[in-house]
Amino acid sequence: GASMAALSLIMKSKGFDVSGYDATESELTEKLRGGGIRVNVESDLENCDLAVVSSAISDDNRVIRRLNDLKKAIVSRAWLLSGLCKSYPLTVGVAGTHGKTTCTCLIAHVLKSAERGFTLHVGGEDADFGNAYISGNDIFLTEICEFKRNIAYFSPSVGVVLNVDNDHEESYGSFENLAAEFRAYAGRSKIAVVNLDDENLSRESAVTFSFSNPAADFFAKDVSFDGKTLECAVFGRIGRLFDLKSRALRYHDVYNVVAATAVCSLLGIDGKEIKRGIESFRGVKRRNEFLGEYDNVPVY
C-alpha cells in the first residue's frame, strides 16, 4: 500500500538497500522502481536482512511462508515506522478514525510554506507531495493507524487524535477498548492535541480544538461551504489567527484545519504562514477527488 511505499522511499533516502514485493503491478510499483527500489525480484527474499510486512498481509501468504522457510527476521510496518520516528528530534503523529491523511498533509503544506525541514510519511497521496516527501530531518510527520493496535508503538512529541469512531473493532474486541487505545496514545505523547467535541477523549493536560466551541484552544467561526469553496475564520489562544478560503476542502474538513493549526502553532508558526500553507493544499487522491462528469453529473 501507499504507507509501505512511503516507508520504502524514506529508508532508501537514508542509504538502505530497499526492495519490495507486491501481488499486483500498479502505478505505485512503477513509482518505486523509478525511485531505484526493486519490486518483485524473487532472489531479494533470500538476500534480505530484514523483512517488513504490512498488517494487511495474512500469515499464510506465499511470500511470508517463504521468508519463514528462509528463517528471515520479520517485523511489522508499525515497528519499523516507530523506530524511524525515534531517529528524529521531533515527531508529529496524526491519529483518529477519520481525516488522518488530510490533516497530516495540511500540516506538511504549512511546514513547507514556513520553510521548515521535515520528512512526510502518509498513507494516502497528496496532490503535491505524493505519499512521501523529504525536505529535511528536523521533523518527522506521519499519520498513525490504529489497525491491529499499531498505534501502541508510538509516543510522538506531538500526538493528535482527531476523533474516535467504530472502526477496526475486530482488533480491539469492543469500542471502549478502541477508545481507551486512543486515550493511551494521547497520554504517551509529550503534547497531546485532542478534539474537544469528542466525548471519548480526555481533555486533561491536552491542547484542544473544536469545530466552533470557544472553550477550545483552537476553533472556527463563520463557517460556510457552498459546494465548492470552504470559508471560515480560525481562532487560537491569542484570538483570530486568519481567515481561510479553500476549494480543496469541505465542510467536515474544518476539524482538520483547526487540528493542523493547533499543531503548527505549537511548532512556532504564525497565523499568516498557517493560512498560506493550508490554502496551498490541493487535495488528496481518493478524498473528495473530482474524477469528471458522467451525463452532466459531477463524479467525486
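Our subject in this report is the structure included herewith. Sequence order as written defines residue numbering, which begins from 1 separately in each chain. Where local features are concerned, this predicted model is filtered to residues with pLDDT of at least 70; where side-chain atom pairs are given and counted, the filter is 80 or more; whole-chain, interface and lining totals use all residues. By convention in this description, side-chain values take in all heavy atoms of the structure and omit both hydrogens and water.

A positive phi angle, near 50°, is found at Asp222, a position not held by glycine. Positive phi values are uncommon outside glycine, yet Asn296 reaches one of about 65°. By the criteria applied, helices consist of DSSP H or I runs no shorter than four residues and strands consist of E runs no shorter than two, each listed in order from the N terminus. Turning to its location among the elements, Asn296 is positioned in the loop between strand S15 (292-294) and strand S16 (297-299). With relative accessibility at 69%, the residue Asn296 sits in the exposed group. Three exposure classes are used, based on accessible area relative to the maximum for each residue type with a 1.4 Å probe and protein chains only: buried under 20%, partly exposed in between, and exposed over 50%.

One finds Val92, Ile107 and Ile278 to be the most contacted residues of the largest nonpolar core, which totals 44 residues. As used here, the term nonpolar core means buried Ala, Val, Leu, Ile, Met, Phe, Trp, Tyr and Cys residues forming a set that is joined through side-chain atoms within 4.5 Å. One finds Ala5, Ile151, Phe154 and Val194 within the second-largest nonpolar core, a separate group that totals 35 residues.

This paragraph deals with helix H1 (residues 2-13). For a helix, the expected span equals 1.5 Å multiplied by the residue count minus one. The terminal C-alpha atoms of H1 lie 17 Å apart, and with 12 residues this matches the ideal 16 Å at 1.5 Å per residue to within 8%. By the criterion of burial, H1 is predominantly enclosed, with nine of the 12 residues buried. Among all positions of H1, only Ala2, Ser3, Ala5, Ala6, Leu7, Ser8, Leu9, Ile10 and Met11 are buried. Only heavy atoms enter the contact rule, under which two residues are in contact if any of them lie within 4.5 Å. Elements in contact with the buried residues of H1: helix H2 (27-34), helix H5 (77-85), strand S6 (118-126), strand S7 (130-134) and strand S8 (139-143).

Over the atoms rolls a probe the size of a water molecule, and its path tells where empty space is left. A pocket here means an open set of points on a 1 Å grid, computed over the protein atoms alone, that has protein on both sides within 12 Å along at least five of seven lines. A cavity is instead a set of points where a 1.4 Å probe fits but cannot get out; residues with an atom within 4 Å of a point line either one. Grid points are joined across faces, edges and corners, and a volume is the space filled by probe spheres set on the points. Counted as a void, the largest pocket has a volume near 1,200 Å³. Around the largest pocket sit 40 residues that line it, and Met4, Ser19, Gly20, Tyr21 and Val52 are the ones nearest its centre. Elements with a minimum of two residues in the lining of the largest pocket: H1, strand S1 (19-20), H2, strand S2 (38-39), helix H3 (43-47), strand S3 (50-53) and helix H4 (62-69). With five residues, H1 is the single largest residue contributor to the lining of the largest pocket.

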